[in-house]
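In case you want the letters, here they are:
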Amino acid sequence: MLLIQANPISDALNSSEWVFPIAECLHIAAFAWSIGLIAVVDFRLLGVGVQHSSPSQLAKATAPWTLLGLAVVLLSGPVLFLSDPRMYLYNPSFRFKMLALVVAIIYNYTIHRKVAYSDSSGTAARALVGVVSLDQRRLRRPVYRVRLSSGRIQ
Amino acid sequence: MIFDFFQWLQSTDLMTFIRESGLTYPVIMSTHLTCIAIFGGLIVITDLRLLGWAMTDRSIADVVNGLRWWKRLGFVIMVTMGIMLAGSKATEYYPNPYFWTKLSFLALVLIHALIFRPLVYNRPQELDATPAIPTRAKAAGALSLILWTGVLCAGRLIGYWEPPQKKNPVAASQVRELVLVR
C-alpha cells in the first residue's frame, strides 16, 4: 500500500518528461516483439505461416527471443506503473489487463508450450490452442481504452 | 494545400463518425495496436532470420515465403486503422512533428521495399544457396528492424506532443493576469 502514497520513485520518474515516453516506446516495441513471435507459433498451430517447420521447431527457435521480449515488457511495465501507481491501481481496465497478462503468461508456458512442443498432437487440439492463444490478445485490448480515458493517448 | 486536404478528410462523414462516437475510436486504436503486436512479430522473425540470428535451422525461403502474405494482410489492416485514427483528427495531427516523423519513416520503409524486394525478398532461394548469408540480406534485415522501430517510436510520441500555445508559460501567465484583473 506504500506504493499508493506519493513516493520517491514516482518523483524520479516524473522529473524528466522523457522517461515515460521512452519507457512506453520500449514497452510497445517489446510486446510487439514477444507477442508477435508467439503469434508465429500460433499461426503454425493453425496450419498457416511457415509451413515447412513443425510447431515444435518454430516454438524452440522463437522461445529465447520471446523470453527476451517478455523480459523487456516486464521491466518497462513497472516503470510506467510507478510513474502514477494510484491512477493505475484504481483503474478497472488496468486490473483486467494484469489478470489477462498473468493468465496469458501461465497459458503460454504450460498448455501452449506442451502442445506446441509435441508435434504428435492432433490437428484439432493444435488449432484450439492456437485460437485460444491468439484470442487472449483480444482480451488485452481494453487496456488501451483505459489509457485513452486516462489521457495518456491523445 | 495539404492542410486543406486534412480539413476535408476530417470533415467526411466516416471520419466525423469515428471522432464523435465514444467506442469506435478506442476499438480502432486497439485493433491498430493488436496488429502491431501480431504482425510486428512476423517482421521481427523475418529480419532475425535474414540476419542469421534466429531460426537458422530453417531456410530463409521457408521463413520469408511462409510469412509474406500474413505480413501483407497485417500491414493493410494496420494502415487502414492508422488512416482512420489520424484522419478523424487530421487537423490536430497536421502541426505534430512526430506525425511527420512517422510518415517519413514509413516513406523510408517504402524505399527499403523498393530496393530490397528485387535483391532479397523476391528470391530467397538464392540466399540459401550461398554458404554465408549475403551482406545485402543482412542489411535488409537490420534496416527493416531500425526503420520499423522508428515508425513505432514516432507513432507513440505523437500522443505526447502538445501545440505550443498550451504549454507556453508566457501565455499561461497572461491568463493568470487576466483572471487577477477581473
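Values in this document were obtained by computation on a predicted structure and should not be read as measured data. Counting of residues starts from 1 at the beginning of each chain's written sequence and follows it residue by residue. Throughout, the order in which chains and ligands are written sets their labels, letters from A for the former and numbers from 1 for the latter. Given that the model is predicted, a residue must reach a pLDDT of at least 70 before its local features are reported, and side-chain atom pairs must reach 80 or more before they are shown or counted; all residues, however, enter totals for whole chains, interfaces and linings.

### Some points on the overall build of chain B
Secondary structure summary: chain B contains 10 helices and zero strands in total. Element order for chain B, N to C, with α for helix and β for strand: α-α-α-α-α-α-α-α-α-α. Each radius of gyration is computed over the set of C-alpha atoms, and the globule rule expresses the reference value as 2.2 Å times the number of residues to the power 0.38. Against the 2.2 N^0.38 benchmark of 16 Å for 182 residues, chain B shows a C-alpha radius of gyration of 21 Å, more extended than a compact globule. Along the three orthogonal principal directions, the C-alpha set of chain B runs to about 80 × 35 × 30 Å. Long-range contacts, defined as pairs at least 24 residues apart, comprise 75% of the intrachain contacts of chain B with a sequence gap of at least 6. For helices the rule is a DSSP run of H or I covering at least 4 residues; for strands it is a run of E covering at least 2, with both sets numbered from the N terminus onward. It is the C-beta atoms, placed from the backbone, that decide contacts: two residues are in contact if theirs lie within 7 Å.

### With respect to the confidence of the model for chain A
Across the chain, each position has a pLDDT score giving the predictor's confidence in that residue, from 0 to 100. When pLDDT is averaged along chain A, the result is 73, and 71% of the positions lie at 70 or above. Overall, residues 137-154 of chain A carries pLDDT values under 50, and its contacts beyond four positions in sequence, including any with other chains, amount to 35 contacts.

### Comments concerning the interface of chain B and chain A
Across the boundary between the two partners, chain B contributes 31 residues, which contact 32 residues of chain A. Elements that contribute at least two residues to the side of chain B that touches chain A include exactly helix H3 (24-51), helix H4 (60-87) and helix H8 (135-158) of chain B. The element that contributes the greatest number of residues to the side of chain B that touches chain A is H3(B), accounting for 15 residues. Any residue that is not Ala, Val, Leu, Ile, Met, Phe, Trp, Tyr, Cys, Pro, Asp, Glu, Lys or Arg is counted as polar, Gly included; the first ten are nonpolar and the last four charged. A per-class count over the side of chain B that touches chain A returns 20 nonpolar, seven polar and four charged.

### Remarks on helix H6 (residues 97-121) of chain B
Residue and element names in this part refer to chain B. Fitting axes to the seven residues ending at a residue and to the seven starting there, one defines the bend at that residue as the angle between these axes. Ile-115 marks where H6 bends most, by close to 40 degrees; the proline Pro-118 follows one to four residues later. When we look at burial in H6, the residues that qualify are Phe-99, Lys-102, Phe-105 and Val-120. For H6, the elements touching its buried residues are H4, helix H5 (90-93), helix H7 (124-129) and H8. The burial criterion counts other C-beta atoms lying within 10 Å of a residue's C-beta, which is placed from the backbone; the residue is buried at 20 or more, exposed at 12 or fewer, and partly exposed between these limits.

### Thoughts on the packing of H6(B) against H8(B)
All names here are of chain B. Between H6 and H8, the shortest axis-to-axis distance is 9 Å and the interhelical angle comes to 160 degrees. The pairing of H6 with H8 is recorded here as roughly antiparallel in orientation. Remark: the crossing between H6 and H8 carries left-handed chirality. Contacts between H6 and H8 involve Tyr-98, Phe-99, Thr-101, Lys-102, Phe-105, Leu-106, Leu-108, Val-109, His-112, Phe-116, Leu-119 and Val-120 from the former and Arg-136, Ala-137, Ala-140, Leu-143, Ser-144, Leu-147, Gly-150, Val-151, Ala-154, Gly-155, Leu-157 and Ile-158 from the latter. Partitioning the contact of H6 with H8 into residue classes produces 17 nonpolar, five polar and two charged. Between the N-to-C directions of two axes lies an angle of 0 to 180 degrees, each axis being a line fitted to C-alpha atoms and, for a helix, fitted only over the stretch in contact. Angular relationships are summarised with four words: roughly parallel below 35 degrees, roughly antiparallel beyond 145, roughly perpendicular across 65 to 115, and oblique for the angles in between. Here is the rule for handedness: rotate from the far helix to the near one, and if that takes an anticlockwise turn smaller than a right angle the crossing is left-handed, while a clockwise turn gives right-handed.

### A short note on the confidence of the model for chain B
Residue and element names in this part refer to chain B. For chain B, the mean per-residue pLDDT works out to 86, and 90% of the residues sit at or above 70. Here helix H10 (residues 169-181) stands out as the element of chain B with the lowest mean pLDDT, 54, in contrast to H6, whose mean of 94 is the highest. Predicted complex, confidence summary: ipTM 0.72, pTM 0.77.

### Digging into the nonpolar core
The nonpolar core is taken to be a set of buried Ala, Val, Leu, Ile, Met, Phe, Trp, Tyr and Cys residues joined by way of C-beta atoms within 7 Å. In this structure, A:Ala32, A:Leu37, A:Val40, A:Val41, B:Ile45 and B:Val63 are the most contacted members of the largest nonpolar core, which totals 62 residues. Contributions of two or more residues to this core are made by helix H2 (19-45), helix H3 (55-83) and helix H5 (92-117) of chain A together with H3, H4, H5, H6 and H8 of chain B. It is H2(A) that provides the largest number of residues to this core, a total of 16 residues.

### Structural notes on the environment of B:Gly155
All names here are of chain B. Relative to the helices and strands, Gly-155 is located in helix H8. Residue classification places Gly-155 among the buried residues on the basis of 23 C-beta atoms within 10 Å. Note: C-alpha distance between Gly-155 and Leu-103 (52 residues apart in sequence) is 9.0 Å.

### A short note on the packing of H2(A) against H8(B)
Packing of H2(A) against H8(B) brings their axes to within 9 Å, and their N-to-C directions diverge by 135 degrees. Accordingly, the angle class assigned to the pair H2(A) and H8(B) is oblique. Relative to H8(B), H2(A) is oriented so that their crossing is right-handed. In this structure, H2(A) uses A:Pro21, A:Glu24, A:Cys25, A:Ile28, A:Ala29 and A:Ala32 to contact H8(B), whose residues at the interface are B:Thr149, B:Leu152, B:Cys153, B:Arg156 and B:Leu157. Of the residues belonging to the contact of H2(A) with H8(B), the class tally is eight nonpolar, one polar and two charged.

### Focus: the environment of A:Val40
All names here are of chain A. With respect to the secondary-structure elements, Val-40 resides in helix H2. Owing to 28 C-beta atoms within 10 Å, Val-40 belongs among the buried residues under this scheme. With 12 residues separating them along the chain, Val-40 and His-52 place their C-alpha atoms 13 Å apart.

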